[in-house]
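Understanding the architecture of this molecule
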Amino acid sequence: MTIQLPDTSGTLRAYEPRQEPLALTTGSPLTSRTVFSAAHVVADPFADTTPDSPAAIDWDATLAFRRHLWSHGLGVAEAMDTAQRGMGLDWAGAAELIRRSAAEAKAVGGRIACGVGTDQIAAGSLAEVRAAYEEQLALVEESGAQSILMASRALAAAARGPEDYLDVYGHLLRQASEPVVLHWLGPMFDPALEGYWGSSDLDAATDTFLDVIAAHPDKVDGIKVSLLDAQREIDIRRRLPQGVRCYTGDDFNYPELIAGDEKGFSHALLGIFDPLGPLAAEAVRVLDTGDTAGFRELLDPTVELSRHLFQAPTRFYKTGVVFLAWLAGHQSHFTMVGGLQSARSLPHFARAYELADGLGLFPDPKLAEERMKNLLSLYGVNQ
């Protein structure tokens, strides 16, 4: 019982799929860490669209996936970059996604936080950037969800220096009705965000970021750091005001950051927890008992898969996330908004399948194997 998988040299090698999935079930709520999974959207495969058309969403499948995450005790981070925000999902689609997901969260008692950005404008003055942020903040607050102030391409283009970031974010935080999460997304996730917080020098940018928080600690629930730099996150975490949380967004080093050290730990808001949801929740429940070694034993082996999915160019990690959701049976097809299913190579998919299967992530390994074979056949690989 083997499947022939191609590597980057074009050579086929035999892989024996796992026969049984990892035994994971829903369980008690998570207590020691607050954990959000950023969630992908499911495209409508029958919509007559083009890559630059507005996103056509399969709402039933998209919301069903969020119920899957909530059932395992995870929060959902909605309309973030994992949902292809700015890479196929425009503001109109994101707004509808926020409305629908927030209503679903209320119906099932799930925790939700939603991305607030400026993607209804491509560029503009600082006043226009503020107005775009305000429009999105109002919608998220009206939906009843927590707000995540995302990094803005338009602000990165318009800002002349750190003082403009301090002004825009200070204005928004004063307006926010409840504490928000601030998101620092590095240029490896979005090249248009190079020099965010007014400097390409990360030490200077960090100081500005922390100045924003220090000026409004009562309006900042936490920060999400997505720089793929564990030591910088630890350093930032140790400089936060009392009561402000650090949510790791480091998809390369999350086990050690969540586990923490004698001076503190990170909570989590991660795209990799989309495919890892049940396993990640089980690991945190082990951590809730004080068993850090058991937590690491469960989560450390997943890092190889995460680093594979998030390899450069990192912004295309969404393709691997949706691919694994298809193999796992969460959706009936491997189609993405914007045609982004084409963004990774067949050897990349083959390795992702092998790593995920080895971890026992597929509830039905036979289904995953059949779907992988179907994909291979489209590329001319006969089994």
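Shown above is the structure to which this text applies.
A quick note: this is a predicted structure, and the numbers were derived from the prediction, not measured. (Residues numbered from 1 in each chain as written. Predicted model: local features only at pLDDT ≥ 70, side-chain atom pairs only at ≥ 80, totals over all residues. Heavy atoms only, no water.)

This next bit is on the overall build of the chain. When helices and strands are tallied, the chain shows 14 helices and 10 strands. Computed over its C-alpha atoms, the radius of gyration of the chain comes to 20 Å, within 12% of the 21 Å expected for a compact globule of 383 residues. For the C-alpha atoms alone, the extent of the chain along its principal axes is close to 60 × 50 × 45 Å. Across the 383 residues that make up the chain, the buried fraction comes to 57%. Of the contacts formed within the chain by residues at least 6 apart in sequence, a portion of 69% connects residues at least 24 apart. Summing over all exposed atoms, the chain offers an accessible surface of approximately 15000 Å²; the carbon and sulfur share of this is 49%. (Helix = DSSP H or I, 4+ residues; strand = E, 2+ residues; numbered from the N terminus. Rg over C-alpha atoms; globule rule 2.2 N^0.38 Å. Buried < 20%, exposed > 50% of the residue type's maximum accessible area, 1.4 Å probe, protein only. Contact = heavy atoms within 4.5 Å. Areas by Shrake-Rupley, 256 points an atom, 1.4 Å probe, with all protein chains shown as cover.)

Turning our attention to the environment of Ile-223. Looking at the secondary structure, you find Ile-223 in strand E8 (residues 220-226). Residue classification places Ile-223 among the buried positions, given a relative accessible area of 0%. Sequence-wise, Ile-223 and Tyr-254 are 31 residues apart; in three dimensions their C-alpha atoms are separated by 15 Å. Apart from the residues within four sequence positions on either side, Ile-223 is in contact with Val-181, Leu-182, Phe-209, Ile-213, Ile-236, Leu-240, Arg-245, Cys-246 and Tyr-247.

This structure, assessed with the given rule, holds 21 salt bridges. The salt bridge involving Arg-238 is made with Asp-261; its shortest N-O contact spans 2.6 Å. A residue pair is termed long-range when its members are at least 10 positions apart, and Arg-238 in helix H7 (residues 230-238) and Asp-261 in the loop between helix H8 (254-259) and strand E10 (267-270) qualify at 23 residues. Shared partners join several salt bridges into a network, and the residues in it are Arg-13, Glu-304, Arg-351 and Glu-354. (Salt bridge = Lys/Arg side-chain N within 4 Å of Asp/Glu carboxyl O.)

This part is about empty space enclosed by the protein. Regions of empty space are outlined by a rolling probe, equal in size to a water molecule, passed over the atoms. One pass over the full model with this rule turns up one cavity of 30 Å³ or more. Taken together, 15 residues make up the lining of the largest cavity; nearest its centre are Asp-81, Thr-82, Lys-224, Gly-271 and Tyr-317. Secondary structure elements with two or more residues in the lining of the largest cavity: E8 and E10. Across the lining of the largest cavity, the residue classes tally to eight nonpolar, four polar and three charged. (1 Å grid on protein atoms, 1.4 Å probe; cavity = no way out; pocket = protein on both sides within 12 Å on 5 of 7 lines; lining within 4 Å. Points joined across faces, edges and corners; volume = space filled by probe spheres on them. Nonpolar A, V, L, I, M, F, W, Y, C, P; charged D, E, K, R; others polar.)

Attention now moves to the layout of surface pockets. Its volume calculated, the largest pocket comes out at about 370 Å³. Lining of the largest pocket is provided by 20 residues; of these, Arg-85, Gly-86, Ala-151, Arg-153 and Asp-190 occupy positions nearest its centre. Taken together, the elements giving at least two residues each to the lining of the largest pocket come down to helix H4 (153-158) and strand E7 (180-185). Broken down by class, the residue content of the lining of the largest pocket amounts to nine nonpolar, five polar and six charged. Roughly 290 Å³ of internal volume is contained in the second largest pocket. In terms of lining residues, the second largest pocket is bounded by 21 residues, among which Pro-278, Gly-360, Leu-361, Phe-362 and Pro-363 are the most central. If you list the elements that add at least two residues to the lining of the second largest pocket, you get helix H1 (59-71), helix H9 (277-288) and helix H12 (317-327). Here the element with the most residues in the lining of the second largest pocket is H12; it accounts for three residues. Within the lining of the second largest pocket, the residues separate by chemical class into 16 nonpolar, four polar and one charged.

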